[in-house]
Every structure is written in structure tokens, then in C-alpha cells.
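So you can see what is in the structure, the chains are spelled out below.
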Amino acid sequence: MGIWGTGPRDGRPSVRIPRAVAANQERTKPMIEALKSDEIVDKMGGRFKLCTLIQRRLVQLMDGARPLVDRAGRSDLELVIEEILEGKITYEFDPTADIDVARLLPNHKPVRG
């Protein structure tokens, strides 16, 4: 019988997880737990800032940036979390920075009052 079987109680299909996938899930548990922790959220100043930093750093890594921690067979997401936890990257917001509203919102019409 392939990878599908019947569930132990409700008769719904169950899936046997290959060992490699199960091992990967065990390896990523600490990283997932780190994301659930308030420590990393507080360190970044909120979930939105944390998500923004993760996304921007992932893009950098995918574009060829070098990781700031040892890869050791880890995914890019795991590297980013480790970089944040070790304080190697941070999120800085400059409220005084000029924003090109016309470029970001081409249909925006300023309100005059």
C-alpha cells in the first residue's frame, strides 16, 4: 500500500512521513519555537518589524548575500533567525527619511487643507 493508509480512529487517510522529512521537521523545531518566543519579538520591537526584517534578509540571501552565521546545512530562514538571535542583524527605522510618495503611490493626490 503506498504512502496512504487509513487513520487510526476516524477512517480518514493518514500519511507516513519519510524519515528525511521527519528529521528535517525535528531539526527546524527550535527555529519555529524561537519565532513563537516573545524574546525575539521584543528584541525587534514587534511582530511586524520582525517579519519585515526576516523578509528583507531572506531576499538578500536569495540574491547572493553571504550568511553572517555558519550555514551548517540550515535553510535560509533558519540562518536569518539565528542572525537575529545573535544580534548580527537589526531593523532600523528612520522616520526622518524622505519617502518618494509619487513613486510608491502613483495615483496619490495630496490633500490640501
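Our structure is the block above this text.
Residues numbered from 1 in each chain as written. Predicted model: local features only at pLDDT ≥ 70, side-chain atom pairs only at ≥ 80, totals over all residues. Heavy atoms only, no water.

Asks: What am I meant to see in the side chain of R57 here?
Replies: By the secondary structure assignment, R57 is in helix α3 (residues 47-62). Aside from chain neighbours lying at most four places away, what touches R57 is A65, R66, P67, L68, V80, E83 and I89. (Helix = DSSP H or I, 4+ residues; strand = E, 2+ residues; numbered from the N terminus. Contact = heavy atoms within 4.5 Å.)

Asks: How do you make sense of the pattern of salt bridges when you look at a structure like this?
Replies: Any two side chains of opposite charge can pair, given that their charged atoms come close. Counted according to the given criterion, the structure contains five salt bridges. A salt bridge links E82 to R74; the nearest nitrogen and oxygen atoms lie 3.8 Å apart. Using a relative accessible area of 24% as the deciding quantity, one classes E82 as partly exposed. A relative accessible area of 22% places R74 in the partly exposed class. (Salt bridge = Lys/Arg side-chain N within 4 Å of Asp/Glu carboxyl O. Buried < 20%, exposed > 50% of the residue type's maximum accessible area, 1.4 Å probe, protein only.)

Asks: How should helix α4 (residues 76-85) be read in this particular structure?
Replies: Three- or four-residue spacings in an α-helix give side chains the same orientation, since the helix completes a turn every 3.6 residues. Within α4 the residues assigned to the buried category are E78, L79, V80, I81, E83 and I84. The first or second residue beyond α4 is G87, which carries a positive phi of 75 degrees.

Asks: Looking at this model, I keep getting lost on α3. Mind explaining?
Replies: Here α3 is 16 residues long and its end C-alpha atoms lie 22 Å apart, about the 22 Å a rise of 1.5 Å per residue gives. Burial in α3 covers these residues: L50, T52, L53, I54, R57 and L61. Within two residues after α3, G64 carries a phi angle of roughly 110 degrees, on the positive side. (Expected span 1.5 Å × (residues − 1).)

Asks: Help me understand unusual backbone geometry in this model?
Replies: Apart from glycine, the bulk of residues carry a negative phi angle, and the bulk of peptide bonds sit in the trans form. Notably, A72 is not glycine yet its phi reads approximately 45 degrees, a positive angle. Summarising the element assignment, A72 is placed in the loop between α3 and α4.

Asks: What's the story with the packing of α3 against α4 in this structure? I'm lost.
Replies: When two helices pack together, their arrangement is given by the angle between the helix axes and by the axis-to-axis distance. Taken N-terminus to C-terminus, the directions of α3 and α4 make an angle of 125 degrees; their axes are 10 Å apart at the nearest point. Compared by their axis directions, α3 and α4 come out oblique. By crossing handedness, the relation of α3 to α4 is classed as right-handed. Side by side, α3 and α4 meet where L50, L53, I54, R57, L58, L61 and M62 of the first sit next to D76, L77, L79, V80, I81, E83 and I84 of the second. Here the residues of the contact of α3 with α4 are counted per class, giving 11 nonpolar, no polar and three charged. (Axes fitted to C-alpha atoms, helices over the stretch in contact; angles between N-to-C directions. Parallel < 35°, antiparallel > 145°, perpendicular 65-115°, else oblique. Left-handed = near helix turned anticlockwise from the far one by under 90°. Nonpolar A, V, L, I, M, F, W, Y, C, P; charged D, E, K, R; others polar.)

Keep in mind these values describe shape, not function.
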